[in-house]
Amino acid sequence: MNSSSKNRSRLVLGIETSCDETAAAVVTSDGVVLSDIIASQVDIHGRFGGIVPEIASRIHVESIVPIVEQSIEEAKVTLEDLSAVAVTQGPGLVGALVVGLSFAKALAFPMDLPLCGVNHIQAHLLAIFIRDKREEGAAAGRREKRPEFPFVGLVVSGGHTSLYLVRNPLDMELLGATRDDAAGEAFDKVAKLLGLPYPGGPVISRLAQKGNPEQFRFPRAMLPETPLDFSFSGLKTAVLQQVHRIRRKGVQIPVEDICASFEEAVVDVLVEKGLKAAVQYGVKDLVIAGGVSANRRLRSVAQERADRSNVRCHFPEMRYCTDNGAMVAYAGQFLLDAGMLLSPDADVYSRLAF
Ligand code: KG4
Ligand code: ZN
């Protein structure tokens, strides 16, 4: 074993290919990230205004070997140092997931390494516990700020907007979910209708900083009968109608104000429902994870309102909000502990059963 890894706890290699990022990372059982390599396909899909599944699969095939090699090299370990391989088994794009799972099987089984099939949503939530090796020294002070089980987890990504009661790393109960679009999908669709590039979240967030969030009052779907569910399709339609109205007047579209007002509506709903669930289930901690949790306005509004509700609100480090291999490796550690391993005939799944 390499000298830098000699004293470290068990190492797991994590592989993520559920969507448009080919990612691999080596993480210790304490959640210290030794390497975290991500090849994003954003530029390629951006040309088509969204993800093209067939292209995503093909690029994963090209990228996976160099990305995994780089993650091993950067961690300064060898394959023999690994205790297990963890791979995203679902949910996600089937063709993309198959690339990761097939590669992981081909790597793990000949070496007699245990193979763990990770739930991508669970991995997003567990990303709250991981930290970069460069921050290891500062970690002691941060550790006490970590959430305690059970906590409420809100996963907001391009494919999901769901609330969970997380009892332990492997036990999550679904409390509510979106009936139509996911929050990230709403960001992406609104960006598209405003003629902005894919992915919409980061670009809308940047433009929103210069806009007035009160210029337009877009709808907030609170769904009183199922208050922990979400709906964003009405909001997207309201933005579209507003844009049409302004266009008909022949005046310039106030893109920054629309972005700020749209972002405010999404943030309002997410924070309101996240806190409602925490209060209803009597938990002290709310974890917000997934790509949209990188949104700065969401982070600041959630923090502010959580303080007022006596709830502690937690976000993963910025780089672990969007898809990455580190969260997969860390989630794999718990499956390994529980002996929940994949057999050679394991398959991917596109949707969650819960
Ligand atoms: O978790 P993720 O990387 O992939 C999925 O599992 O879907 O999330 C990607 C989503 C995209 O819809 C993207 O527009 C959104 O996260 N996103 C953001 C921001 N950064 C990424 N949405 C709002 N604000 C951001 N700063
Ligand atoms: Zn994701």
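Remember, it's a predicted structure, so these values are computed and weren't measured experimentally.

K.L.:
Would you mind going over the overall build of the chain with me for this structure?
P.N.:
Counting its regular elements, the chain contains 11 helices and 11 strands. Taking 354 residues into account, the globule formula puts the C-alpha radius of gyration at 20 Å, and the chain, at 20 Å, falls close to it. Counting every position in the chain, which comprises 354 residues, the buried fraction comes to 55%. By sequence separation, contacts in the chain at least 24 residues apart represent 73% of the contacts at least 6 residues apart. A total of about 15300 Å² of accessible surface is found on the chain, and carbon and sulfur atoms cover 50% of it. Taking the average place of the 38 positive charges on the side chains of the chain and the average place of its 42 negative ones, the gap between the two points comes to 6 Å.

K.L.:
Would you take a moment to explain the confidence of the model for the chain for this structure?
P.N.:
Averaged over every residue, the pLDDT of the chain is 94; the share at 70 or more is 95%. Long-range and interchain partners of residues 140-144, a stretch whose pLDDT sits below 50, account for 5 contacts in this model, where long-range means more than four residues apart.

K.L.:
Sorry if this is basic, but what is going on with the coordination of the zinc ion (ligand 2) here?
P.N.:
Tetrahedral coordination by four donors sets the ideal angle at the metal to 109.5 degrees; octahedral coordination by six donors sets it to 90 or 180 degrees. Here the zinc ion (ligand 2) is held by His-120 (NE2), His-124 (NE2) and Asp-323 (OD), and the distances to it run 2.0 to 2.1 Å. We note that the donor set of the zinc ion (ligand 2) lies within a single chain, spaced as H-x3-H-x198-D. Pair noted here: His-120 and His-124 are both in helix α4 (residues 120-126), with a separation of 4 residues, about one helical turn. Each member of the pair, His-120 as well as His-124, is classed as buried.

K.L.:
Whenever I open this one, the site of ligand 1 confuses me. Can you help?
P.N.:
Taken together, the neighbourhood of ligand 1 is formed by 18 residues, with Gly-158, Asp-188, Gly-201, Gly-291 and Asn-295 sitting nearest. Here an oxygen atom of ligand 1 sits 2.7 Å away from a polar atom, N or O, in the side chain of Asp-188. Side-chain polar atom of Asn-295 to a nitrogen atom of ligand 1: 3.0 Å apart, as the coordinates give it. Coverage of ligand 1 by the protein chains reaches 89% of its 550 Å² of free accessible surface. Looking at the shell around ligand 1, the elements that each hand over two or more residues are α4, α6 (183-193) and α7 (200-208). The class makeup of the residues in the shell around ligand 1 is 5 nonpolar, 11 polar and 2 charged. When residues of the shell around ligand 1 are assigned to domains, at least three fall in each of domain 1 (3-130 + 321-337) and domain 2 (151-315).

K.L.:
Teacher, can you tell me more about the pattern of salt bridges here?
P.N.:
Side-chain pairs of opposite charge can arise where the charged atoms are in close proximity. Going through the model one piece at a time under the given rule, you end up with 14 salt bridges. Between Asp-337 and Arg-10 there is a salt bridge, and its shortest N-O distance comes to 3.1 Å. On the criterion of sequence distance, the pair formed by Asp-337 in helix α11 (residues 326-338) and Arg-10 in the segment before β1 (11-16) is long-range, its members being 327 residues apart. On the basis of relative accessibility, which here comes to 55%, the residue Asp-337 falls in the exposed class. Given the relative accessible area of 28%, Arg-10 is considered partly exposed. The salt bridge involving Glu-173 is made with Arg-167; its shortest N-O contact spans 2.3 Å. Look at the salt bridges and you will find they share partners, linking Asp-181, Glu-185, Lys-189 and Lys-236 into a network.

K.L.:
What should I look at first to understand the domain arrangement of the chain in this one?
P.N.:
Accessible area lost on assembly of the parts is the figure often given for the size of an interface. By domain assignment, the chain separates into domain 1 (3-130 + 321-337) and domain 2 (151-315). Taking only C-alpha atoms into account, the centre of domain 1 sits 27 Å from that of domain 2. Listed as interface residues are 20 residues of domain 1 and, on the opposing side, 23 residues of domain 2. Around 1700 Å² of area is buried between domain 1 and domain 2 when both sides are counted, 78% of it from carbon and sulfur atoms. In this structure, the connection of domain 1 to domain 2 is made through 3 residue pairs in polar contact (both at pLDDT 80 or more). Elements with a minimum of two residues in the side of domain 1 that touches domain 2: α1 (42-46), α4 and α11. Of all the elements, α4 adds the most residues to the side of domain 1 that touches domain 2, at 5 residues.

K.L.:
Sorry, what's going on with the packing of aromatic side chains here?
P.N.:
Each aromatic ring pair is specified by the distance between its two centres and by the angle formed by the two planes. As enumerated under the stated definition, the model contains 8 aromatic pairs in all. A network of ring pairs unites the aromatic residues Phe-129, Phe-149, Phe-151, Tyr-330 and Phe-334 as a single cluster. The ring of Phe-230 has Lys-273 sitting right over it, with the charged end atom 5.7 Å from the ring centre.

K.L.:
I would appreciate a short explanation of the sheet that holds strand β7 (residues 151-156) in the present structure.
P.N.:
Backbone-to-backbone hydrogen bonds join strands into a sheet, with any given pair of strands oriented parallel or antiparallel. Spatial ordering of the open sheet is given by β9-β8-β7-β10-β11, a layout of 5 strands whose pairing is mixed. Every interior strand has two partners, whereas the edge strands, β9 (171-177) and β11 (312-314), have only one. Ignoring strand direction, the axes of neighbouring strands in this sheet form an average angle of 25°.

K.L.:
Please explain the packing of α6 against helix α8 (residues 233-249) as it appears in this structure.
P.N.:
Relative to each other, α6 and α8 sit at 15°, their axes nearing to 10 Å. By the angle between their directions, the pair α6 and α8 is classed as roughly parallel. Handedness of the α6/α8 crossing: right-handed. Here α6 contributes Lys-189, Val-190 and Leu-193 to the contact with α8, which in turn contributes Lys-236, Val-239, Leu-240, Val-243 and Arg-247. For the contact of α6 with α8, the class distribution of residues is 5 nonpolar, no polar and 3 charged.

Quick notes on the rules
- Residues numbered from 1 in each chain as written.
- Chains lettered and ligands numbered in written order.
- Predicted model: local features only at pLDDT ≥ 70, side-chain atom pairs only at ≥ 80, totals over all residues.
- Heavy atoms only, no water.
- Helix = DSSP H or I, 4+ residues; strand = E, 2+ residues; numbered from the N terminus.
- Rg over C-alpha atoms; globule rule 2.2 N^0.38 Å.
- Buried < 20%, exposed > 50% of the residue type's maximum accessible area, 1.4 Å probe, protein only.
- Contact = heavy atoms within 4.5 Å.
- Areas by Shrake-Rupley, 256 points an atom, 1.4 Å probe, with all protein chains shown as cover.
- Lys, Arg positive; Asp, Glu negative; His and termini not counted.
- Charge placed at Lys NZ, Arg CZ, Asp CG, Glu CD.
- pLDDT = per-residue confidence, 0-100.
- Donors = N, O, S within 2.8 Å, 3.2 Å for Na, K, Ca; no water.
- Near = heavy atom within 4 Å.
- Polar contact = N/O pair within 3.5 Å; in protein donor to acceptor, adjacent residues only side chain to side chain.
- Nonpolar A, V, L, I, M, F, W, Y, C, P; charged D, E, K, R; others polar.
- Domains from an automatic or database assignment.
- Salt bridge = Lys/Arg side-chain N within 4 Å of Asp/Glu carboxyl O.
- Buried area = accessible area lost by both parts, 1.4 Å probe.
- Phe/Tyr/Trp six-rings, centres within 6.5 Å; stacked < 30°, edge-to-face > 60°.
- Lys NZ or Arg CZ within 6 Å of the ring centre and 35° of its normal.
- Pairing = 2+ DSSP bridges.
- Axes fitted to C-alpha atoms, helices over the stretch in contact; angles between N-to-C directions.
- Parallel < 35°, antiparallel > 145°, perpendicular 65-115°, else oblique.
- Left-handed = near helix turned anticlockwise from the far one by under 90°.

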